[in-house]
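Structural description and commentary
Chain residues, written in single-letter form:
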Amino acid sequence: RDAAAQINLEHIAKLPADTEHKYDAKFTWTRGRLTEAARKMHEDIVRKNMITPAELVLRTGAQVMLTSNLDLSSKLANGSRGVVVGFGAASGTSPSSVPQAAAPAAASAAAKKAGTKEVPPPVEYPRVLFTTGLEMVITPNKWKNENAVEHTCLVYEQVPLAPAYAVTVHKSQGCTLDSVSMAIDSSMFCDGSAYVALGRVRSLKGMTLTSFDPNSVRTSSLVTEFYRKHGLAGVEAAQTTTSSTPQ
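What counts and what doesn't
Residue numbering note: each chain is counted from 1, following its sequence as written. Where totals are concerned, whole chains, interfaces and linings use all residues; where local detail is concerned, this predicted model gives features only for residues with pLDDT of at least 70, and gives and counts side-chain atom pairs only at 80 or more. Calculation of side-chain values draws on the structure's entire complement of heavy atoms; hydrogens and water are dropped beforehand. Numbering of helices and strands starts at the N terminus; helices are DSSP runs of H or I of at least 4 residues and strands are runs of E of at least 2. For the exposure calls, accessible area comes from a 1.4 Å probe over protein chains only, and a residue counts as buried if that area is under 20% of its type's maximum, exposed if over 50%, partly exposed in between. Should any heavy atoms of two residues lie within 4.5 Å, those residues are considered in contact. One requirement defines pairing of two strands: DSSP has to find at least two bridges between them. In protein, a polar contact requires one atom able to donate a hydrogen and another able to accept it; more generally it is a pair of N or O atoms within 3.5 Å, and residues adjacent in sequence count only if both atoms are side-chain atoms. Working convention: axes come from line fits to C-alpha atoms, limited for helices to the stretch in contact. Angles between N-to-C directions cover 0 to 180 degrees. Under the pairing criterion, centres of Phe, Tyr and Trp rings, with the six-membered ring standing for Trp, must be within 6.5 Å; the plane angle then separates stacked pairs below 30 degrees from edge-to-face pairs above 60, leaving the rest tilted. For this analysis, a salt bridge means a side-chain nitrogen from Lys or Arg found within 4 Å of a carboxyl oxygen belonging to Asp or Glu. In this text, buried Ala, Val, Leu, Ile, Met, Phe, Trp, Tyr and Cys residues form a nonpolar core when linked through side-chain atoms within 4.5 Å.

1. A few points about the overall build of the chain
Looking only at helices and strands, the chain has 6 helices and 14 strands in total. Out of the 247 residues belonging to the chain, those deemed buried represent 34%. Within the chain, residue pairs in contact and separated by at least 24 positions form 68% of the contacts whose partners lie at least 6 positions apart.

Quick look at the structure:
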């Protein structure tokens, strides 16, 4: 996870610094009574597991991928890739938790002199040109994280984009990617990880393997036993190496 984050930061740092925009996620509890410590714990878990960064830093020219099914009819789905071509205010959007751009010093001074209240400039969101040819401004999305046991509901709000230079197998779950370069090696520490990684790519044409270790393709022994017990076909073909670690 740290390695993927570092790769993304290094690539973003190479882009024009004067175009940098930062977006902070907003956490809202709509249901449930938890202590402040319990809320923080849940929020930290969401921060850790969401593919959409809680602190999103982008610059013009950044390679990004969409992290929600924005418009399937326009082929804008979780994993759709594009490049940030600029930033702009989206018409018809209401203010959100995304940080406002700093007001120009001249406008700020004029407001103070006139004794009027400063009006923050509109939020500038990333304008992305997707590989499909569609270009649009991407505004914040909301995800619900519900816990049926604790009867709680946490809403996570953030611009649904993530840097697309590197991503972990875990965080790529649910994405459909057109082009991926991956290593199937000792980094596949969990049963089924290789399957998850390979299953993200839309076609063989878009996949590049930088390394491959057959021993990294593992199937949980519990899953294999389930298939055998119920007489399901394909057990031997699906299993390269079994492990006692449950998936």
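So, next bit.
2. As for the pairing of strand β6 (residues 125–130)
Looking down a regular strand, the side chains alternate between one sheet face and the other. Relative to β6, strand β5 (residues 81–88) runs antiparallel, the two being bridged by 6 bridges. Residue pairing across strands places Val 83 opposite Leu 129, the latter belonging to β6. Across 3 bridges, β6 lies against strand β7 (residues 135–137) in antiparallel orientation. For Arg 127, the partnering residue across the bridge sits in β7 and is Val 137.

3. Remarks on the side chain of His 42
With respect to the helices and strands, the residue His 42 is situated in helix α2 (residues 36–49). A polar contact of 3.0 Å, which involves the side chain of His 42, links it to the side chain of Glu 150. What His 42 contacts, discounting residues up to four positions off in sequence, is Trp 29, Leu 34, Asn 147, Glu 150 and Leu 154.

4. So, the sheet that holds β5
Strands sit in the order β7-β6-β5-β4-β10 across an open sheet of 5 strands; the sheet is antiparallel. The sheet is open, and its two borders are formed by β7 and β10 (161–163), each paired with just one other strand. For this sheet, the mean angle separating the axes of adjacent strands, direction not counted, is 40 degrees. For strand β4 (residues 63–66) and β5, the ladder comprises 3 bridges, and the chain directions are antiparallel. The residue bridging Met 65 from the neighbouring strand is Arg 81, located in β5.

5. Description of the packing of aromatic side chains
How two aromatic rings sit relative to each other is given by the distance of their centres and the angle of their planes. Scanning the model with the defined rule gives 3 aromatic pairs in all. Plain terms: the ring middles of Phe 226 and Tyr 227 are 6.3 Å apart, the flat faces sit at 75 degrees to each other, and that makes the pair edge-to-face. An aromatic cluster is defined as three or more aromatic residues linked by ring pairs; in this entry it consists of Phe 27, Trp 143 and Tyr 156.

6. Points about the pattern of salt bridges
Tallied over the entire structure, the rule returns 6 salt bridges. Where Glu 20 meets Lys 22, a salt bridge forms, and the shortest distance between an N and an O atom there is 3.8 Å. Note on Glu 20: relative accessible area 30%, which makes it partly exposed. Of the charged contacts, one joins Glu 135 and Arg 127 as a salt bridge, the two residues approaching to 2.9 Å between their closest N and O atoms. With relative accessibility at 41%, the residue Glu 135 sits in the partly exposed group. For Arg 127, a relative accessible area of 29% puts it in the partly exposed group. Salt bridges linked by common partners bring Glu 20, Lys 22 and Arg 59 together as one network.

7. As for the nonpolar core
Core analysis: the largest hydrophobic core is formed by 19 residues, its most contacted members being Leu 58 and Leu 161. Contributing elements (two or more residues each) for this core: β3 (55–58), β4, β5 and β6. The element that contributes the greatest number of residues to this core is β6, accounting for 3 residues. Excluding its chain neighbours within four sequence positions, the residues that come into contact with Leu 161 are Thr 52, Pro 53, Leu 56, Leu 58, Val 64, Met 65, Leu 66, Thr 67, Pro 126, Val 128 and Ile 138. Counting 11 residues, the second-largest nonpolar core is a separate cluster that includes Leu 177, Ile 184, Ala 194 and Val 201.

8. As for the sheet that holds strand β2 (residues 26–31)
Across the sheet, which stays open at both edges, the 3 strands sit in the order β2-β9-β8 with antiparallel pairing between neighbours. Each edge of the open sheet carries a strand with a single partner, namely β2 and β8 (141–147). With strand direction ignored, the average angle separating the axes of adjacent strands in the sheet is 25 degrees. For β8 and strand β9 (residues 152–158), the ladder comprises 7 bridges, and the chain directions are antiparallel.

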